[in-house]
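Below are the chains, spelled out letter by letter.
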Amino acid sequence: MSRVIFHLDMDAFYASIEQRDNPALKGKPVVVGAPSTQRGVVCAASYEARKFGVRSAMPSITAGRLCPNAIFVWPRMEAYKAESREIMSIVSRTGGRIEQLSIDEAYIDLSGAFDSVGDAALHEAIPLARGLKKQIFARRRLTATIGIAPNKLLAKLASDFKKPDGLTVISDGEKIQFLRPLPVRALYGVGNVTERILNQAGIRTVGDLQDFTGDLRSLAGSFATTLKRFAFGEDERPVESDGEIKSISSENTFSRDTEDRGVLRQCLREQAEEISTKLERNKLGAHTVQVKVRYGDFTTLTRQLTIDQPLAQAREIYRIACFLLAKDKLVSRPLRLLGIGVSGLSENFGEQLRLPI
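Residues numbered from 1 in each chain as written. Predicted model: local features only at pLDDT ≥ 70, side-chain atom pairs only at ≥ 80, totals over all residues. Heavy atoms only, no water.

Undergrad: Could you give me a rundown of the environment of Ser-171, with the residues and numbers involved?
TA: Within the secondary structure layout, Ser-171 lies in the loop between strand E8 (167-169) and helix H8 (175-179). Counting along the chain gives 50 residues from Ser-171 to Ala-121, while the straight-line C-alpha distance between them is 9.6 Å. Apart from the residues within four sequence positions on either side, Ser-171 is in contact with Asp-119 and Leu-122. (Helix = DSSP H or I, 4+ residues; strand = E, 2+ residues; numbered from the N terminus. Contact = heavy atoms within 4.5 Å.)

Undergrad: Describe the sheet that holds strand E2 (residues 30-33), listing the residues and the values that go with them.
TA: With mixed pairing, the three strands of this open sheet are ordered in space as E3-E2-E4. In this open sheet, the two strands that pair with only one neighbour each are strand E3 (42-45) and strand E4 (71-73). Here the strands of the sheet are splayed against their neighbours by 30° on average, with no regard to which way each runs. Bridge count between E2 and E4: three bridges; the pairing is parallel. Paired with Val-32 across the strands is Val-73, a residue of E4. Relative to the sheet, helix H1 (residues 13-21) contacts E2, E3 and E4, its axis offset from that of E2 by approximately 115°. (Pairing = 2+ DSSP bridges. Axes fitted to C-alpha atoms, helices over the stretch in contact; angles between N-to-C directions.)

Undergrad: Account for helix H4 (residues 77-92), naming residues and giving values.
TA: Over its 16 residues, H4 runs 22 Å from end to end, which matches the ideal 22 Å to within 8%, given 1.5 Å per residue. If you check which residues of H4 are buried, you get Met-77, Tyr-80, Glu-83, Ser-84, Ile-87, Met-88, Ile-90 and Val-91. For H4, the buried positions fall inside an angular range of 150° around the axis, keeping them on one side. Relative to its buried face, H4 has exposed residues pointing more than 90 degrees away, namely Glu-78 and Arg-85. (Expected span 1.5 Å × (residues − 1). Buried < 20%, exposed > 50% of the residue type's maximum accessible area, 1.4 Å probe, protein only. Arc of directions from axis to C-beta.)

Undergrad: Please provide a residue-by-residue account of the packing of H4 against helix H6 (residues 126-140), values included.
TA: Close contact between H4 and H6 brings their axes to 10 Å; oriented N to C, the two are set at 140°. On the basis of the axis angle, H4 is oblique to H6. For the pair H4 and H6, the sense of crossing is right-handed. Of the residues in H6, those in contact with Glu-83, Glu-86, Ile-87, Ile-90 and Val-91 of H4 are Leu-132, Gln-135, Ile-136, Arg-139 and Arg-140. Of the residues that constitute the contact of H4 with H6, the class distribution is five nonpolar, one polar and four charged. (Parallel < 35°, antiparallel > 145°, perpendicular 65-115°, else oblique. Left-handed = near helix turned anticlockwise from the far one by under 90°. Nonpolar A, V, L, I, M, F, W, Y, C, P; charged D, E, K, R; others polar.)

Undergrad: Mind laying out the nonpolar core, listing which residues take part and the relevant values?
TA: Counting 70 residues, the largest nonpolar core has Ile-148 and Leu-279 as the members making the most contacts within it. With nine residues, helix H14 (residues 314-327) is the single largest residue contributor to this core. The contact partners of Ile-148, leaving out residues within four places of it in the chain, are Val-4, Ile-5, Phe-6, Leu-122, Ala-125, Ile-126, Ala-129, Ala-158, Leu-167, Thr-168, Val-169 and Ile-170. One finds Leu-101, Ala-158, Tyr-188 and Val-190 within the second-largest nonpolar core, a separate group that totals 31 residues. (Core = buried A, V, L, I, M, F, W, Y, C linked by side-chain atoms within 4.5 Å.)

That's the geometry; what it means functionally is another story.
So this is what it looks like as structure tokens:
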């Protein structure tokens, strides 16, 4: 049976909801997050703001400096979650198997739904994808981008190719040439460390990886065989719809309650590094970062922040954790315990592709 996989990605989801609900924001550089005059972090940015270099997890003050005309809007997570439920309800009507990756992103397996096979089935699926995009816009007044391909790897790359409101098909016959000019970071599972090692060996594009004749295991270890297959657009991972919620966390209980900023910062750095390593090992990114504190009287508090693009780098996790602690002055007295957790996990594909539309 030929596989037909859609990857659906809502366009600038949080910011687009704000622009829809407040028409005065349409066409304006909108930043969802704390104002640039306050300590805060960017949760999301409209495409108009992204043109100035504004991105998720960036300090709000930096976003304000890059885009002086940005309009800052406080996040409304409950509204975004409710919108996600409405969109996934529309997606469910396709009859395909759905693997929801995050609040605004999902794979849809429509294998066997078409009369044709192979590349012909992919092109037969185009009217369904167009219809799905039209339904979402008609019912929710939001645009979505869809990638169509014979596997998850290519479907995700296809949806990254033309945004916003895009629709791209990558067929078996086209996949190798499509992949060649992309940076190796575009491939699923290639994080910062693997990218750096490959670049140092002169492998900068997927084409370089396709042409590499040496022993890739010396560079990528046990991931080498899979990486080579990905370079040629081969991916057998199934679309899984178990809906399991996963999280990763790290906590430290101090031998003596402390409010020493140096000790606490070092603790947070080590926890962020530990979590980042686990995320990269599992090829995941996190949409939500949470901090947890416990005082000497065992009072326990948590604070969290959710952003629209998944993060996996230790410095970003650390930055958000520090912001959450400072925002509500959680270190106003000595801590017995300090911890970081991440959730809202989805596949981490590194930097979004920046290809011409």
